[in-house]
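Single-letter residue listing:
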Amino acid sequence: MTPAEVRAALAAARRVAVLTGAGVSAESGIPTFRDAQTGHWARFRPEDLASPEAYWRDPELVWDWYAGRYRDVTAAQPNAAHLLLARLEREKGAGFFLATQNVDGLHGRAGSGTLGGTLAELHGNLTHARDEVTGEVYPLPPPDLLTVPPTSPAGNRMRPNVVWFGENLPADALAAAQDAFAAADVALVIGTSGAVYPAAGLAAWTLRRGGIVAEINPQVTDLTLHMTLSLRATAAEGLRALLG
Ligand code: APR
């Protein structure tokens, strides 16, 4: 399909599902997950920090890493891609579902999830922390007031409210995302390497039901050959091309 045909299908679609990855936040200055780690963290792989084993081994080290990312995302702003997806949600209303792998909270700050559609943060959100005993989730204080590891109102240590390697995604969010992609007339897969399942498998639910899936990514990914259309573009450029 040509971009013009996908644009027409998107305009006519009643149900639209979107999967985003770190690439949509790249233009907000947030390094993608597989960008080389910089500075002090250059000697670590994310997989060596974002895991239960790393946390139980050295909670302070893991919290120092998340506190730094929390400071960065708080200072960042949603970019044109986030805002274009918020506009699409406003147009589609309840027929719009955005599943993100990102934990930076930028979709929410752009208004996604409050404009008639649904936002599912499949891998959690690093602006919140979870009581290790009760499982209660609380927003973190502003970065300059954060002491790590944080303690919950119940007095228990809290862990970052994100899904780590080896952990399961929140079952209800994943089920809702699979239903949304299965029902979608058009799905968009934006700024993800498609390396991590089950998120990377969502597009297959749309294709299996005869829906259209368009990918937006400057690079070819593992998902590219399965796509109805794959645009070699940044998130904002590709969304502008498909939203008109
Ligand atoms: N616009 C769109 N895509 C971009 C841009 C951009 N400006 N810049 C980079 N990209 C693409 C890259 O080409 C790459 O395919 O974004 C993708 C980022 O891939 P990853 O770094 O692997 O991030 P992501 O796909 O979100 O990782 C998925 O893996 O590590 C786990 O839990 C972690 O949520 C993460 C998941």
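Residues numbered from 1 in each chain as written. Predicted model: local features only at pLDDT ≥ 70, side-chain atom pairs only at ≥ 80, totals over all residues. Heavy atoms only, no water.

Remarks on the overall build of the protein chain
For the protein chain, the helix and strand inventory stands at nine helices and nine strands. Along the longest, intermediate and shortest principal axes, the C-alpha atoms of the protein chain span 55 × 35 × 30 Å. In the protein chain, buried positions account for 51% of the 244 residues. Partitioning the contacts of the protein chain with sequence separation of at least 6, the portion at a separation of at least 24 is 66%. Here the protein chain has roughly 11,000 Å² of accessible surface; of this, 54% comes from carbon and sulfur atoms. One finds the centroid of the 20 positive side-chain charges in the protein chain at a distance of 5 Å from the centroid of its 25 negative side-chain charges. (Helix = DSSP H or I, 4+ residues; strand = E, 2+ residues; numbered from the N terminus. Buried < 20%, exposed > 50% of the residue type's maximum accessible area, 1.4 Å probe, protein only. Contact = heavy atoms within 4.5 Å. Areas by Shrake-Rupley, 256 points an atom, 1.4 Å probe, with all protein chains shown as cover. Lys, Arg positive; Asp, Glu negative; His and termini not counted. Charge placed at Lys NZ, Arg CZ, Asp CG, Glu CD.)

Some thoughts on the domain arrangement of the protein chain
Many structure descriptions define interface size as the accessible area lost when the parts assemble. You can read the domains of the protein chain as domain 1 (3-30 + 78-123 + 169-243) and domain 2 (39-75 + 130-162). The interface of domain 1 with domain 2 comprises six residues on the first partner and six residues on the second. Here domain 1 packs against domain 2, burying approximately 400 Å² in sum over the two surfaces, 62% of which is carbon and sulfur. On the domain 1 side of the contact with domain 2, I30, V103 and R109 bury the most area, a combined 64% of that side's loss. At the boundary of domain 1 and domain 2, one finds zero salt bridges. Residues belonging to the side of domain 1 that touches domain 2 are distributed by class as follows: three nonpolar, one polar and two charged. (Domains from an automatic or database assignment. Buried area = accessible area lost by both parts, 1.4 Å probe. Salt bridge = Lys/Arg side-chain N within 4 Å of Asp/Glu carboxyl O. Nonpolar A, V, L, I, M, F, W, Y, C, P; charged D, E, K, R; others polar.)

Here we look at the packing of helix 1 (residues 3-12) against helix 9 (residues 235-243)
For the pair helix 1 and helix 9, interaxial distance at closest approach is 7 Å and the crossing angle is 70°. By the angle class used here, helix 1 and helix 9 are roughly perpendicular. Counted together, P3, V6, R7 and L10 of helix 1 and A241, L242 and L243 of helix 9 form the full contact between these two elements. Within the contact of helix 1 with helix 9, the residues separate by chemical class into six nonpolar, no polar and one charged. (Axes fitted to C-alpha atoms, helices over the stretch in contact; angles between N-to-C directions. Parallel < 35°, antiparallel > 145°, perpendicular 65-115°, else oblique.)

Regarding the pattern of salt bridges
Applying the stated rule across the entire model yields five salt bridges. Close ionic contact of R159 with E167 constitutes a salt bridge, the shortest N to O distance being 2.8 Å. R159 sits in the buried class, given a relative accessible area of 6%. The class of E167 is partly exposed, set by a relative accessible area of 25%. E215 is the salt-bridge partner of R232, the closest N and O atoms lying 3.7 Å from each other. One end of the pair, R232, is in the loop between strand 9 (229-231) and helix 9; the other, E215, is in strand 8 (residues 212-216), with 17 residues separating them in the sequence. Judged by relative accessible area, E215 falls into the buried class, the value being 1%.

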